[in-house]
Amino acid sequence: VGFMGCGKTTVSKHLARSLNKPFIDLDARIAQFDGRSPAQIISEDGESEFREKETTILRELLGSDERAVVALGGGAWTIAVNRELIRAFEAVAVWLDAPFDLCWERIELDCKSRPMAPSRPAAERLFSERLPFYRLADIHVPVADASPKQIAENIYALLQRQSYSK
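Residues numbered from 1 in each chain as written. Predicted model: local features only at pLDDT ≥ 70, side-chain atom pairs only at ≥ 80, totals over all residues. Heavy atoms only, no water.

**Q** Looking at this structure, how should I read the overall build of the protein?
**A** Counting secondary structure elements, the protein contains eight helices and four strands. Secondary structure of the protein in N-to-C order comes out as α-β-α-α-α-β-α-β-α-α-β-α. The C-alpha atoms of the protein give a radius of gyration of 15 Å, which matches the 15 Å a tight globule of 166 residues would have. In terms of principal-axis extent, the alpha carbons of the protein reach across some 40 × 35 × 25 Å. For the protein, buried positions account for 42% of its 166 residues. In the protein, 75% of the contacts between residues at least 6 apart in sequence involve partners at least 24 apart. Looking at the protein as shown, the accessible area adds up to about 8800 Å², and 49% of this sits on carbon and sulfur atoms. Each charge class in the protein was averaged separately, 22 positive and 24 negative side chains, and the resulting centres sit 4 Å apart. (Helix = DSSP H or I, 4+ residues; strand = E, 2+ residues; numbered from the N terminus. Rg over C-alpha atoms; globule rule 2.2 N^0.38 Å. Buried < 20%, exposed > 50% of the residue type's maximum accessible area, 1.4 Å probe, protein only. Contact = heavy atoms within 4.5 Å. Areas by Shrake-Rupley, 256 points an atom, 1.4 Å probe, with all protein chains shown as cover. Lys, Arg positive; Asp, Glu negative; His and termini not counted. Charge placed at Lys NZ, Arg CZ, Asp CG, Glu CD.)

**Q** Please clarify how helix α3 (residues 38–45) should be interpreted in this entry.
**A** Side chains that are three or four residues apart share a direction in an α-helix, a result of its 3.6 residues per turn. Buried within α3 we find Pro38, Ala39, Ile41 and Ile42. Along the axis of α3, the buried residues cluster in a sector spanning 165°; they form a single face. The exposed set on the far side of α3, more than 90 degrees from its buried face, consists of Ser43 and Glu44. Contact partners of the buried residues in α3: α2 (26–34) and α4 (47–63). With its phi angle positive at about 100°, Gly46 sits one or two positions after the end of α3. (Arc of directions from axis to C-beta.)

Below, the structure is given as C-alpha cells:
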C-alpha cells in the first residue's frame, strides 16, 4: 500500500520473485475486468463506482486459493471495507512510505492520467488525507533512498522474521 508513485508495482514485482509467488496489480485486474483503465472509470463513472469495482475484485483475489503479492492502487487501503477484507483473509499490508516530493516527481514523469492528482496541490492534499490510513498497515517501510530491489529485500527479511510469508 502507499501513495501513487511510491513504487508499489515495481517493489511488488521484486518481492513476488523473492517469495516465489505470483504478482498481481489490482488496477490492472480492474482494467481487465472492466475493459477500461482506473483513470477512465473514475473520469467517466466517478470515484465511488471505481471503489466498488476495486472492492469486488479485491474480494475475489483474496478469496481465491492463489497466494500472491498484490499491488493495491493508492486509494484502496484508505477504504475501510478493503482493510477489513485484507485483515479477514490474514493478508499482510506493507506501506511503502515515500516522501511526497518523490511521489510527485514520479507522477510527473509517468504518462498515465491521474484524475485523483491533476495538480501538485491536489496531489498534496490527497497525500495528507491518505497518510493516516497508510499508517494502519502491518509493516512500514521507508522508501527514500533505496532501490526497488533493496526495498523488496528489506520487506522479504521483515516477512521472514515476523513469520508472515506463508
